[in-house]
Amino acid sequence: MSGTGTGVGKTVVTAAVAALAMNDGQRVAVLKPAQTGVAPGEPGDLADVRRLAGHVTTCELRRYPDPLSPEAAARRSGLPEVTPADVAAAATRLHEDHDLVLVEGAGGLLVRFDSMGGTLADVAWALAAPVVVVAEAGLGTLNATALTAEVATRRGLDVLGVVIGAWPSNPDLAARCNAADLPVAAAAPLLGALPAGLAAVNGQEFLDEARKGLAPWLGGSFDPDLFARAAAATGT
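My aim in this report is to walk through the structure given alongside it, one point at a time. (Residues numbered from 1 in each chain as written. Predicted model: local features only at pLDDT ≥ 70, side-chain atom pairs only at ≥ 80, totals over all residues. Heavy atoms only, no water.)

We now examine unusual backbone geometry. Residues other than glycine seldom take positive phi values, yet A128 does so here, at roughly 55°. Here A128 is to be found in the loop between α5 (120-127) and β5 (131-135). With a phi close to 50°, A187 is a non-glycine residue in the positive phi region. Considering the arrangement of structural elements, one finds A187 in the loop between α7 (173-186) and β7 (190-195). (Helix = DSSP H or I, 4+ residues; strand = E, 2+ residues; numbered from the N terminus.)

And the structure:
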């Protein structure tokens, strides 16, 4: 699970995919290679995943207090770096007794994990894992999405599709147009759009919204064509 940047909704999308898979009877694990900007003992992204999705297995490899890239945060803290090899090994171990292992990156696809330049793209390549791109809804998202998808494809990765991490209740013109334009930018299907504010709910309500907001490929019932037509009609 890679975002086009920070704060685009990766954690909520990850939790939504996990919740639907578990509801379908799958054994699910969520791996967070590096949590930054959170002090020891404080709840991080995986705490949100558990709150939203339920009793999912979670694994965090490194935690750094500064809100920086994992490489910069590790350097400033003096703590060990996390490498793509570490992440791939952890994902492989989790896969031994889970049906689905979701890896939630930090920031974007090319944010550096270590001083050797290792990134989430290297993890996906090592695992031969498909990439889901989580994007913003509004102005500026097309360029960021296209860049993420292009670099993934150039590195031999399979971009499964793009999910809008937080669809606004009152989308502006840019967001309404992007509902149709994002899959073009990504050269991959639109696999969902989760409503803004979804992190504030849990339990059955979260599961219901996840099902409506994610495509069948991710366990839901989202129809991208219907969504794009409805978005285009909003405000007309």
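Attention shifts here to the sheet that holds β7. Spatially, four strands are ordered β1-β5-β6-β7 in an open sheet, and the strand pairing comes out parallel. Two strands close off the open sheet at either side, each with one partner strand: β1 (2-3) and β7. Where strand β6 (residues 159-167) and β7 come together, four bridges link them in parallel fashion. Directly across from V162, in β7, lies its bridge partner L190. Packed onto the sheet, helix α6 (residues 141-154) meets β1, β5 and β6 and runs at close to 155° relative to β6. (Pairing = 2+ DSSP bridges. Contact = heavy atoms within 4.5 Å. Axes fitted to C-alpha atoms, helices over the stretch in contact; angles between N-to-C directions.)

Take helix α8 (residues 203-213) next. Of all the residues in α8, the buried ones are F206, L207, A210 and G213. What you see down the axis of α8 is that its buried residues fit within an arc of 135°, all on one side. Summarising the geometry of α8, the exposed residues directed more than 90 degrees from the buried face are Q204 and K212. Buried residues along α8 sit against α1 (10-23), α2 (45-53) and β7. (Buried < 20%, exposed > 50% of the residue type's maximum accessible area, 1.4 Å probe, protein only. Arc of directions from axis to C-beta.)

Position of R176 among the secondary structure elements: in helix α7. Buried and unpaired, R176 has no salt bridge, with D172 as the nearest side chain of opposite charge at 6.2 Å. Filtering out sequence-adjacent residues up to four positions away, R176 remains in contact with W167, P171, A231, A232 and T234. (Lys, Arg positive; Asp, Glu negative; His and termini not counted. Salt bridge = Lys/Arg side-chain N within 4 Å of Asp/Glu carboxyl O.)

Contact geometry of α6 with α7 gives a least axis separation of 8 Å together with a crossing angle of 25°. Judged by the angle between their axes, α6 and α7 are roughly parallel. Read as a crossing pair, α6 and α7 show a hand that is right-handed. Facing T141, L142, T145, A146 and A149 of α6, the residues of α7 in contact are N178, D181, L182, A185 and A186. Here the contact of α6 with α7 is built from residues that sort into six nonpolar, three polar and one charged. (Parallel < 35°, antiparallel > 145°, perpendicular 65-115°, else oblique. Left-handed = near helix turned anticlockwise from the far one by under 90°. Nonpolar A, V, L, I, M, F, W, Y, C, P; charged D, E, K, R; others polar.)

With their axes 9 Å apart at the nearest point, α1 and α8 run at an angle of 100° to one another. Of the possible angle classes, the one that applies to α1 and α8 is roughly perpendicular. Between α1, through V12, A15, A16, A19, L20 and N23, and α8, the contact on the second element is made entirely by F206, L207, A210 and R211. Counted by class, the contact of α1 with α8 contains eight nonpolar, one polar and one charged residues.

Take the nonpolar core next. I164, W167, F206, L214 and F227 are the most contacted members of the largest nonpolar core, which totals 73 residues. For this core, the element with the highest residue contribution is α1, accounting for nine residues. Ignoring sequence-local partners within four residues, the contact set of W167 consists of A137, A175, R176, A179, A193, L194, P195, A196, F227 and A231. (Core = buried A, V, L, I, M, F, W, Y, C linked by side-chain atoms within 4.5 Å.)

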